Amino acid sequence: MIKLRSAMVLPLVAALAAACSKTPEPTATSAPEAPATSKPAAPAEAAPAPKPAPANGQQAGGGELAWDAPASFESAPNPNSMRKATYKIKRAAGDAEDAELSVSQAGGSVDANITRWVGQFSQKSDDSPKRTDLKAGDLKVTIVEVKGTFAGSGMPGMPASDPKPNHALLGAIAETPSGLWFFKMTGPEKTVTGARADFDKLVNSLRVK
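## Some thoughts on the environment of Thr-191
- Within the fold, Thr-191 resides in helix α3 (residues 189-194).
- When its relative accessible area of 3% is taken as the criterion, Thr-191 is described as buried.
- Separated by 24 residues in sequence, Thr-191 and His-167 place their C-alpha atoms 9.0 Å apart.
- Residues in contact with Thr-191, not counting those within four places in the same chain, are Ile-89, Lys-90, Arg-91, Ala-92, Asp-95, Glu-97 and Ala-99.
- Of the polar contacts made by the side chain of Thr-191, one reaches the side chain of Asp-95; its length is 2.5 Å.

This is the structure:
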């Protein structure tokens, strides 16, 4: 019986030894995942370039005529739709009111408008009216000067104003491709006379846009 058991044990031990001597099979492993890549950020939009500021001092009316208003001419609201621009000129010492420069465009001839301006004075000084023709660039300009008692604009439908002695009118009529342009300064004589140099600067700056 002992021999039989030994015979049976020996094959069993050999089988176990053979099993333990086998190299274990490697276990399958999953491949490492590739690192996630982020999409490139969209480039930021460039900020729009600022618009250039308009040139200081330049005034224009109707897109046709341009000029440079002197610093002493204070821009004021237009009293009606016929005005292209209105300026106030500060009164000289001793004068009772400021002068006004109106800019407008209208029809008629140069001579007819000069006659109308002169007719706004009920009394005129001995040297009135005075007319001068000149050139501002390529533009023909007529300068008109009247002194005396100013009786008002004489516009149809406008009430008559009280006569104003010792007043003056300094005007320029510019002939442009779009018609006649009128620059008319009226006010106390001392104030108008004192603003003559700045008025001439404005006239000399006239140009067609």
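## Remarks on the environment of Asp-162
- When you line up the elements, Asp-162 lands in the loop between β8 (139-150) and β9 (164-176).
- Residue class for Asp-162 comes out exposed when judged on its relative accessible area of 63%.
- Separated by 10 residues in the primary sequence, Asp-162 and Gly-152 have C-alpha atoms spaced 7.5 Å apart.

## Notes on unusual backbone geometry
- With an omega dihedral of -10 degrees, the bond running from Ser-128 to Pro-129 counts as a cis peptide bond.
- Here Pro-129 shows up in the loop between β6 (121-124) and β7 (130-136).
- Positive phi is not limited to glycine here, since Asn-166 has a value of about 55 degrees.
- Topologically, Asn-166 is positioned in strand β9.

## A look at the packing of aromatic side chains
- In total, this model carries five aromatic pairs according to the counting rule given.
- Here Trp-67 and Phe-183 contribute two aromatic rings whose centre-to-centre distance is 5.2 Å and whose plane-to-plane angle is 90 degrees, an arrangement assigned as edge-to-face. Of this pair, Trp-67 sits in strand β2 (residues 65-68) while Phe-183 is found in strand β10 (residues 179-188), placing the two residues 116 residues apart along the sequence. Both residues of the pair, Trp-67 and Phe-183, count as buried.

## Notes on the nonpolar core
- Formed by 27 residues in total, the largest nonpolar core has its most connected members in Trp-67, Leu-101, Val-141, Phe-183, Met-185, Phe-199 and Leu-206.
- Going through the elements one at a time, β2, β4 (83-89), β5 (99-106), β8, β9, β10 and α4 (196-204) are the ones with two or more residues in this core.
- Here the element with the most residues in this core is β9; it accounts for four residues.
- If sequence neighbours within four positions are ignored, Phe-183 has contacts with Leu-65, Trp-67, Leu-101, Ser-102, Val-103, Trp-117, Leu-170, Gly-171, Ala-172, Phe-199, Leu-202 and Leu-206.
- In this structure, Val-118, Val-146, Leu-180 and Phe-182 belong to the second largest nonpolar core, which totals 12 residues.

## Some remarks on the side chain of Thr-186
- Tracing the sequence through the fold places Thr-186 in strand β10.
- Those residues in contact with Thr-186 that sit more than four places away from it in its chain are Ala-99, Glu-100, Phe-150, Ala-168, Leu-169 and Val-192.

## What about the pattern of salt bridges?
- The full count for this structure, using the stated rule, is 11 salt bridges.
- Here Asp-133 makes a salt bridge to Arg-131, at a shortest N to O gap of 3.7 Å.
- Accessibility expressed as a relative area gives 47% for Asp-133, which makes it partly exposed.
- Within this structure, Arg-83, Lys-88 and Glu-100 form a network of salt bridges that share partners.

## Examining the environment of Ala-136
- Considering the arrangement of structural elements, one finds Ala-136 in strand β7.
- Separated by 70 residues in sequence, Ala-136 and Leu-206 place their C-alpha atoms 6.2 Å apart.
- When near neighbours in sequence (up to four residues on either side) are disregarded, Ala-136 contacts Val-141, Val-203, Asn-204 and Leu-206.

## Some details on α4
- Regarding α4, the residues found buried are Phe-199, Leu-202 and Val-203. Taken end-on, α4 shows its buried residues confined to a sector of 100 degrees, consistent with a single buried face. Turned more than 90 degrees away from the buried face of α4 sit Lys-201 and Asn-204, all of them exposed.

Cut-offs used in this document
Residues numbered from 1 in each chain as written. Predicted model: local features only at pLDDT ≥ 70, side-chain atom pairs only at ≥ 80, totals over all residues. Heavy atoms only, no water. Helix = DSSP H or I, 4+ residues; strand = E, 2+ residues; numbered from the N terminus. Buried < 20%, exposed > 50% of the residue type's maximum accessible area, 1.4 Å probe, protein only. Contact = heavy atoms within 4.5 Å. Polar contact = N/O pair within 3.5 Å; in protein donor to acceptor, adjacent residues only side chain to side chain. Phe/Tyr/Trp six-rings, centres within 6.5 Å; stacked < 30°, edge-to-face > 60°. Core = buried A, V, L, I, M, F, W, Y, C linked by side-chain atoms within 4.5 Å. Salt bridge = Lys/Arg side-chain N within 4 Å of Asp/Glu carboxyl O. Arc of directions from axis to C-beta.

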